[in-house]
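# Working through the structure, step by step
The primary structure of each chain is shown beneath.
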Amino acid sequence: MRQPMIAGNWKMFKTVHEAVVFVKELRPLVADVTGVEIVVAPPFTAIHAVAEAARNTNIGVSAQSLHWEREGAFTGEVSAGMVREAGAEYVILGHSERRTLFGDTDLTVNRRLMAALAAELTPIVCVGETLEQREGGQTLAVLDQQLKQSLDGVTGAQLAAIVVAYEPVWAIGTGRNATPAQAGEAHTHLRGRLRQWFGADAAEQCRLLYGGSVKPGNIATLIAEADVDGALVGGASLDVASFAEIVRGALGR
Ligand code: PEP
């Protein structure tokens, strides 16, 4: 049985102070929630303070990326060990904004993934097609390539602890979410590939999140799809009431 996960990707929003206020407000709103893994991903600067504010609660903390080397002359970069020590237990990898704006590729996502696993972080690996690729009928082929290359060298045992987020690029920050049927089709395809490459046991344990304009009003129908195990939420995770409502929308799955 896969535990649903709701993860909020705050991108480059929230100062340390704003992030801590958010967590303090979120705590009582979700204190009674069991059975949903709740994660927030603040900017690097707020990871430590958010982890302190979330200590002994049901809220986990994620980084939004990391560098694959342990340390070195990599100005502007942060390593897996560094975010782990700061209090992160998860890391988002290969988000489409990283791919389009900062040059992430399936190869670098794979390197970051290996570093994350070595540091005992739970990776949330993002894959997803552009609108052009969807309209060109390439969605499933694009997902296959991103998934295969990003997970190169991963064992079945490791896959069980990895989270994959299907985030169609055309649905991110646009207010245009994939329909439950579109999400369901992509997720069932992804799980089929994971079964083929890693075996049934590992594939059944790997959680598949949907991301792309998830809101309190659409989480229930998306998560009702058999292979949708939760959501990676951008814009709607910045408001505490809306994020808490999305968490509640995943209850009882
Ligand atoms: C995201 O950035 O991962 C995302 C899904 O954003 P939004 O929910 O705003 O579409």
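This structure is a prediction, so every number in the text was calculated from the model and none was measured.

## With respect to the overall build of the protein
A tally of regular secondary structure across the protein gives 12 helices and eight strands. In terms of overall dimensions, the protein has C-alpha extents of about 45 × 45 × 35 Å along its principal axes. Looking at the protein alone, contacts between residues at least 24 apart form 73% of all its contacts between residues at least 6 apart. Within the structure as shown, the protein displays about 11000 Å² of accessible surface, and the carbon and sulfur contribution to it stands at 53%. The centroid of the 22 positive side-chain charges in the protein is displaced by 1 Å from the centroid of its 28 negative side-chain charges.

## So, helix α1 (residues 16-30)
Taking 1.5 Å of rise per residue, the 15 residues of α1 would be expected to cover 21 Å, and the 21 Å separating its terminal C-alpha atoms lies within 8% of that figure. Residues of α1 that are buried include every one of A19, V20, F22, V23, L26 and V30, and no others. Each buried residue of α1 lies within a common arc of 155° when the element is viewed along its axis, so the set occupies one face. Within α1, the exposed residues directed more than 90 degrees away from the buried face are H17 and P28. Tucked inside the fold, the buried residues of α1 contact β2 (37-41), α2 (47-53), β3 (59-63) and α12 (240-249).

## Side note on the site of the ligand
Looking at the ligand, there are 14 residues lining it, with K11, E167, G173, S213 and G234 nearest. Interatomic distance of 2.8 Å between a side-chain N/O atom of H95 and an oxygen atom of the ligand. The residue makeup of the shell around the ligand, split by class, is four nonpolar, eight polar and two charged.

## Describing empty space enclosed by the protein
Under the criterion given, the structure shown has one cavity of 30 Å³ or more. As a volume, the largest cavity reaches approximately 30 Å³. As for the largest cavity, its lining consists of G94, H95, S96, R99, C126, V127, G128, E167 and V169. Of all the secondary-structure elements, those providing two or more residues to the lining of the largest cavity are α4 (96-102) and β5 (122-127). For the lining of the largest cavity, a count of residues per class yields three nonpolar, four polar and two charged.

## Remarks on the nonpolar core
Core analysis: the largest hydrophobic core is formed by 73 residues, its most contacted members being I6, L26, L66, L121, L151, L194 and Y210. Per-element tally for this core: the top contributor is α1, with six residues. Those residues in contact with L26 that lie beyond four places of it in its chain are V40, I59, V240, F243 and A244.

Cut-off values and rules
- Residues numbered from 1 in each chain as written.
- Predicted model: local features only at pLDDT ≥ 70, side-chain atom pairs only at ≥ 80, totals over all residues.
- Heavy atoms only, no water.
- Helix = DSSP H or I, 4+ residues; strand = E, 2+ residues; numbered from the N terminus.
- Contact = heavy atoms within 4.5 Å.
- Areas by Shrake-Rupley, 256 points an atom, 1.4 Å probe, with all protein chains shown as cover.
- Lys, Arg positive; Asp, Glu negative; His and termini not counted.
- Charge placed at Lys NZ, Arg CZ, Asp CG, Glu CD.
- Expected span 1.5 Å × (residues − 1).
- Buried < 20%, exposed > 50% of the residue type's maximum accessible area, 1.4 Å probe, protein only.
- Arc of directions from axis to C-beta.
- Near = heavy atom within 4 Å.
- Polar contact = N/O pair within 3.5 Å; in protein donor to acceptor, adjacent residues only side chain to side chain.
- Nonpolar A, V, L, I, M, F, W, Y, C, P; charged D, E, K, R; others polar.
- 1 Å grid on protein atoms, 1.4 Å probe; cavity = no way out; pocket = protein on both sides within 12 Å on 5 of 7 lines; lining within 4 Å.
- Points joined across faces, edges and corners; volume = space filled by probe spheres on them.
- Core = buried A, V, L, I, M, F, W, Y, C linked by side-chain atoms within 4.5 Å.

None of the figures reported here should be taken as evidence of function without further support.
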